[in-house]
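Reading the structure
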Amino acid sequence: MFAKDMRQLLEIVGKECTARGVFTKDQLPEAMATLQKAVDEEKLALREAEHKARQEGVVDDDTKGDDEEHKSGRAGIHLGQRAHPLLKMMNLTLQEEGFILWEAPDDF
C-alpha cells in the first residue's frame, strides 16, 4: 500500500504514522469499527451528492461518477476501496486472535 493511502487509513483510526507500529488484539475491534464508520459515512455523502446533482440536473445516468472528487483526494477511488484490504486483514487477524505489526523504512 502506498504511504499516502496508509497514512489516511491510520489517521482515521487514530494511529501515528510511524515507521513501526502495531494493532494489538484489543485495539482491532475499535479500529475496524472506526474505519468502517468512515467508509459508511463517505458512501452516504456520495449518495446524497449524487441524488442532489440529479435533482439539479447536473449528472445524468450515463456520466454518473465520472468526475466525482472523493475524500480520498483522487477521482474515482473511494475510501472503501482503500480500506477494504486493511479491514479484511484486521478481520482475519481478529478471528485468529493475533495482532498486526508493520515496519517501513521511514515514518510516513
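Here the structure is a predicted model, which means the values were calculated and not measured.

This model, assessed by the stated rule, comprises four salt bridges. A salt bridge links lysine 37 to glutamate 41, with the shortest nitrogen-to-oxygen separation between them at 3.9 Å. Within this pair, lysine 37 and its partner glutamate 41 are both found in helix H2 (residues 28–55), separated by four residues, close to a single helical turn. The partner of arginine 54 in a salt bridge is glutamate 50, and the shortest N-O contact between them spans 3.1 Å. Of the two residues, arginine 54 and glutamate 50 are both situated in helix H2; the distance of four residues between them amounts to about one turn of the helix. Arginine 54 gets classed as partly exposed once you look at its relative accessible area, which sits at 38%.

Our focus in this paragraph is the nonpolar core. The biggest cluster of nonpolar side chains holds 20 residues, and the ones touching the most others in it are Leu10, Phe23, Leu35 and Met90. Here the element with the most residues in this core is H2; it accounts for six residues. With residues up to four places along the chain from it excluded, the contact list for leucine 35 reads Leu9, Ile12, Val13, Ala83, Leu86 and Leu87.

Burial of strand S2 (residues 100–103) is one-sided: the residues Ile100 and Trp102 facing one way are buried, the residues Leu101 and Glu103 facing the other way are not. The sheet contact formed by strand S1 (residues 20–23) and S2 spans four bridges and is antiparallel. Residue pairing across strands places valine 22 opposite leucine 101, the latter belonging to S2.

All right, on to the environment of glycine 98 then. Secondary-structure assignment places glycine 98 in the loop between helix H3 (79–95) and S2. Sequence separation between glycine 98 and threonine 24 is 74 residues, and the spatial gap between their C-alpha atoms is 7.5 Å. Apart from the residues within four sequence positions on either side, glycine 98 is in contact with Thr24, Lys25, Leu28 and Thr93.

As a further point, take the packing of helix H1 (residues 3–13) against H2. Remark: H1 packs on H2, axes separated minimally by 8 Å, with the N-to-C direction vectors making an angle of 110°. With respect to H2, the element H1 is oriented roughly perpendicular. Helix-helix and strand crossings are classified by hand; for H1 and H2 the assignment is right-handed. Contacts from Leu9, Ile12 and Val13 in H1 reach Ala31, Thr34, Leu35 and Ala38 in H2.

What follows concerns the packing of aromatic side chains. All told, the structure shown has one aromatic pair when counted by the stated rule. Between phenylalanine 23 and tryptophan 102, the aromatic rings sit 5.6 Å apart at their centres with planes inclined by 50°, giving tilted as the arrangement. A residue pair is termed long-range when its members are at least 10 positions apart, and phenylalanine 23 in strand S1 and tryptophan 102 in strand S2 qualify at 79 residues. Taking NZ or CZ as reference, lysine 15 lies 5.1 Å from the ring centre of phenylalanine 23, over its face.

What counts, and where the lines are drawn
- Each chain has its residues counted from 1, following the order in which its sequence is written.
- Where totals are concerned, whole chains, interfaces and linings use all residues; where local detail is concerned, this predicted model gives features only for residues with pLDDT of at least 70, and gives and counts side-chain atom pairs only at 80 or more.
- Calculation of side-chain values draws on the structure's entire complement of heavy atoms; hydrogens and water are dropped beforehand.
- In what follows, salt bridge is the name for a side-chain nitrogen of Lys or Arg lying within 4 Å of a carboxyl oxygen of Asp or Glu.
- Numbered from the N terminus, helices here are DSSP runs of H or I no shorter than four residues, and strands are runs of E no shorter than two.
- Burial status follows relative accessibility: with a 1.4 Å probe on protein chains alone, a residue under 20% of its type maximum counts as buried, one over 50% as exposed, and anything between as partly exposed.
- To define a nonpolar core, start from buried Ala, Val, Leu, Ile, Met, Phe, Trp, Tyr and Cys residues and group those joined through side-chain atoms within 4.5 Å.
- Any two residues whose heavy atoms approach within 4.5 Å are treated as being in contact.
- Note: two strands are recorded as paired if DSSP finds a minimum of 2 bridges between them.
- Axis angles are defined between N-to-C directions and span 0 to 180 degrees, where every axis is a line fitted to C-alpha atoms and, for a helix, only to the segment in contact.
- With respect to orientation, any angle under 35 degrees is reported as roughly parallel, any angle over 145 as roughly antiparallel, any angle of 65 to 115 as roughly perpendicular, and every other angle as oblique.
- Working rule for handedness: look at the near helix, and if it is turned counterclockwise from the far one by less than a right angle, call the crossing left-handed; if clockwise, right-handed.
- Stacked, edge-to-face and tilted labels apply to pairs of Phe, Tyr and Trp rings (six-membered ring for Trp) whose centres lie within 6.5 Å, assigned for plane angles under 30 degrees, over 60, and everything in between, in that order.
- Charge-over-ring placement is defined geometrically: NZ (Lys) or CZ (Arg) within 6 Å of the ring centre, and within 35 degrees of the ring normal.

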